[in-house]
Amino acid sequence: MKPTSPTSCVSETRLAKDGGAPAVVTKLAPLVRWGEPELQQLTEMIRQPSLFYWNGPQTRLLVERFRTIFPLRHAMPCSSGTAAIHIAVHAAGVGPGDEVITSPITDMGTVIGILYQQGVPVFADLESDRYNLDPADVRRKITPRTKAILAVHLAGNPCDLHRLREIADEHRLVLIEDCAQAWGARFAGRPVGTVGDLGCWSLNDFKHIGAGDGGIVATNSEKFGSLLQRCGDKAYDRVKQTRAPEFLAPNYRISEPQSAVAAAQMLRMEEIAAARNRLGMRLAEKLAEIPGLRPPRVAKGDFCSFWFFMLRMDPSAFRCDRAEFVEALKAEGAAAGAGYIPTPLYRYPVFQNHNFFAGRWPVKELGLTAIDYRTTRCPEAEAILETAILCPLNQGMDETFIRETAEAFHKVATHYRK
Ligand SMILES: *Cc1c(COP(=O)(O)O)cnc(C)c1O
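Here is a short report on the structure shown in this document. Starting afresh in each chain, residues are numbered from 1 along the sequence in its written order. In view of the model being predicted, local features appear only for residues whose pLDDT reaches at least 70, and side-chain atom pairs are presented and counted only at 80 or more, with totals across whole chains, interfaces and linings using the full set of residues. In computing side-chain values, all of the structure's heavy atoms are included and hydrogens and water are not.

### Thoughts on the overall build of the protein
The way it works is that DSSP assigns letters per residue, a run of H or I at least four long becomes a helix, a run of E at least two long becomes a strand, and they are numbered from the N terminus. A count of helices and strands for the protein gives 14 helices and 13 strands. Scaling as 2.2 N^0.38, a compact globule of 418 residues should have a C-alpha radius of gyration of about 22 Å, and the protein matches this with 23 Å. Taken along the three principal axes of its C-alpha coordinates, the protein extends 75 × 55 × 40 Å. With 418 residues in all, the protein has 59% of them scored as buried. The method behind every accessible area is Shrake-Rupley, applied with a 1.4 Å probe, and residues are considered shielded solely by the protein chains displayed. Entry remark: accessible area of the protein is about 17400 Å², with carbon and sulfur atoms responsible for 54%. For the radius of gyration, the atom set is restricted to C-alpha positions; the globular benchmark scales as 2.2 Å times the number of residues to the power 0.38. Residue burial is assigned from relative accessible area. The probe radius is 1.4 Å, only protein chains are included, and a residue is buried under 20% of its type maximum, exposed over 50%, and partly exposed in between.

### Topic: the packing of helix H3 (residues 81–91) against helix H4 (residues 109–116)
The angle between two axes is taken between their N-to-C directions and runs from 0 to 180 degrees, where each axis is a line fitted to C-alpha atoms and a helix contributes only its stretch in contact. Across the interface, H3 lies against H4 with an axial gap of 8 Å and an inter-helix angle of 40°. The angle between H3 and H4 falls in the class oblique. As for the relative orientation of H3 and H4, their crossing is right-handed in sense. Contacts between H3 and H4 involve Thr 82, Ile 85, His 86 and Val 89 on the former and, on the latter, Gly 109, Thr 110, Ile 112, Gly 113, Ile 114 and Tyr 116. Gly is put with the polar residues, along with every residue not named as nonpolar or charged; the nonpolar set is Ala, Val, Leu, Ile, Met, Phe, Trp, Tyr, Cys and Pro, and the charged set is Asp, Glu, Lys and Arg. Grouping the constituent residues of the contact of H3 with H4 by class yields five nonpolar, five polar and no charged. Roughly parallel means an angle under 35 degrees; roughly antiparallel means over 145; roughly perpendicular covers 65 to 115; every other angle is labelled oblique. Left-handed describes a crossing whose near helix is turned anticlockwise from the far helix through less than a right angle; right-handed describes the clockwise counterpart. The criterion used for residue contact is that any of the two residues' heavy atoms lie within 4.5 Å.

### Structural notes on the sheet that holds strand E12 (residues 337–338)
Any two strands between which DSSP finds at least two bridges are classified as paired. Reading across from one edge, E10-E11-E13-E12 is the order of the four strands in this open sheet, with antiparallel pairing throughout. Looking at which strands have only one partner, the edges of the open sheet turn out to be strand E10 (293–294) and E12. Of the strand pairs in this sheet, E10 and strand E11 (residues 308–313) are connected by two bridges, and their pairing is antiparallel. The residue bridging Leu 293 from the neighbouring strand is Met 313, located in E11. Strands in contact with helix H10 (residues 322–331) are E10, E11, E12 and strand E13 (388–392); relative to E13, the strand with the most contacts, it is inclined by about 25°. Together, E11 and E13 form the strand contacts of helix H13 (residues 379–387), whose direction differs from that of E11 by roughly 100°.

### A closer look at the site of the ligand
Looking at the ligand, there are 14 residues lining it, with Gly 81, Thr 82, Asp 178, Ser 202 and Lys 207 nearest. Polar contacts, as used here, are pairs of N or O atoms within 3.5 Å; protein pairs need one atom able to donate a hydrogen and one able to accept it. Residues neighboring in sequence count only if both atoms are side-chain atoms. Between a nitrogen atom of the ligand and a side-chain N or O atom of Thr 110, the distance comes to 3.4 Å. Within the side chain of Asn 204, a nitrogen or oxygen atom sits 2.9 Å from an oxygen atom of the ligand. When the ligand is considered free in solution it has 380 Å² of accessible area, and contact with the protein chains removes 92% of it. Consider each residue's heavy atoms; a residue with any of them within 4 Å of a molecule or strand counts as near.

### As for the pattern of salt bridges
Salt bridges are counted wherever a side-chain nitrogen of Lys or Arg sits within 4 Å of a carboxyl oxygen of Asp or Glu. In total, this model carries 24 salt bridges according to the counting rule given. Close ionic contact of Arg 165 with Asp 169 constitutes a salt bridge, the shortest N to O distance being 2.9 Å. A residue pair is termed a helical-turn pair when its members lie 3 or 4 positions apart in one helix, as Arg 165 and Asp 169 do in helix H6 (residues 161–170) at four residues. The partner of Lys 330 in a salt bridge is Glu 327, with the nearest N and O atoms 3.7 Å apart. Remark: Glu 327 and Lys 330 occur in helix H10; sequence separation between them is three residues, near one turn of the helix.

### Focus on the nonpolar core
Buried residues of nine kinds, namely Ala, Val, Leu, Ile, Met, Phe, Trp, Tyr and Cys, make up a nonpolar core once their side-chain atoms join them within 4.5 Å. In terms of nonpolar packing, the biggest core is built from 95 residues, with Ile 176, Trp 183, Leu 198, Val 217 and Tyr 373 touching the most fellow members. For this core, the element with the most residues is H3, which contributes seven residues. In this view, Ile 176 contacts Ala 88, Val 89, Ala 92, Ala 148, Ile 149, Leu 150, Ala 151, Leu 198 and Cys 200; residues no more than four positions away in its chain are not counted. Counting residues in hydrophobic clusters, the runner-up holds 36 residues, among them Ala 23, Val 298, Cys 320 and Tyr 416.

### Topic: helix H2 (residues 57–69)
Residues three or four positions apart in an α-helix share a direction because the helix packs 3.6 residues into each turn. A helix is expected to span 1.5 Å for every residue after the first. In this model H2 runs 19 Å from its N-terminal to its C-terminal C-alpha over 13 residues, within 8% of the 18 Å that 1.5 Å per residue would give. Listing the buried residues of H2 in full gives Gln 58, Thr 59, Leu 61, Leu 62, Val 63, Arg 65, Phe 66 and Ile 69.

### What about the state of the cysteines?
Cysteine sulfur atoms are paired as a disulfide whenever they come within 2.5 Å of each other. Overall, the coordinates contain zero disulfides when judged by the stated rule. Summary of cysteine pairing: Cys 179 is not part of a disulfide, and the nearest cysteine sulfur, belonging to Cys 200, is at 7.0 Å. There is no disulfide at Cys 304, and the cysteine sulfur nearest it, in Cys 159, is 11 Å away. The exposure class of Cys 304 is buried, given its relative accessible area of 2%.

Just distances and angles here, no functional claims.
Next comes the structure, spelled out in structure tokens:
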């Protein structure tokens, strides 16, 4: 009989890397992400006289479907998640020297828009168990120059939006949510992206839902909402049909082919998020039984949509380092890797050399900031990256695969336990 929980797995203790039977035997079918609904939208689109986003039927449908899930008055589809965040930061009024407090464990897309607006990313440290902004450290990082908080829901696990909202309101800061990894996630029952002043999503090829590339930025605020379209489209006003740009803005337009695929993907979104939540919560529950491993914490009442599953290992609990632990997991057939991004963002060469604009950083040269990324330290973020083990997770997996993955962790942990 197959063991039903990792703790009952006593039948085979020899590691696969030492010649034992691997714990993970389930073969996953390739993930099918597109089908009839996408084909139908693309077919309709091909008959259109124009593939331009403004007044495009596909882009309209995308916005309509987006808004049935995220009840936000203004939504601007655009070319990427990076673009969505840049538009949000621009609409929020971030200008030269304005500080935006954000996470050091994220995609570059989180900070690119801040820098292009001549704003200054200020990295706050993270919660040890959820890898999201630590509200206490956010508070410590506030200065008279702080303009916004840009919260990243890493891997689909909601930030503490209650406390971040409180801090933002207290200091009159704009709260922007980076939901690129958090399609379908909910904070205390509310979809993430609807608690902050502006929400940003990515539709790149690797996210829960994708259109090759694409993004959406949305808000309930009239003040920010009235700017979104112009901030993403050369400051041309498509509503008034005027061409009198009042400020500088890039072309971040989406196109009808992207919107066609994205509109169809939107129909699948909640099911994908639900499947990932079920599998991720199951894996977290099973790994919590294993001493020395710390699965991610999902707060009570929150819904994590697990873009991936990241846990931490306590190296002092084992006779091996993380690399050896992960090699043993891989030999068991588990999908696992050591770490996530190589270092926190501030350690990337672009930050270390302040190489933002042809080797220069005008904001610093003009004395608008004193920040030096060579001295930035976020100890918890660094510790997270040094101890993290990442398991890819997706809706094509099943309970059996998750159980076997947990068994692999159990075998390896038991073998190496001190
Ligand atoms: C993917 C991602 C982005 C950027 O999205 P793109 O569509 O690739 O530009 C921004 N933030 C986070 C957290 C991401 O994961």
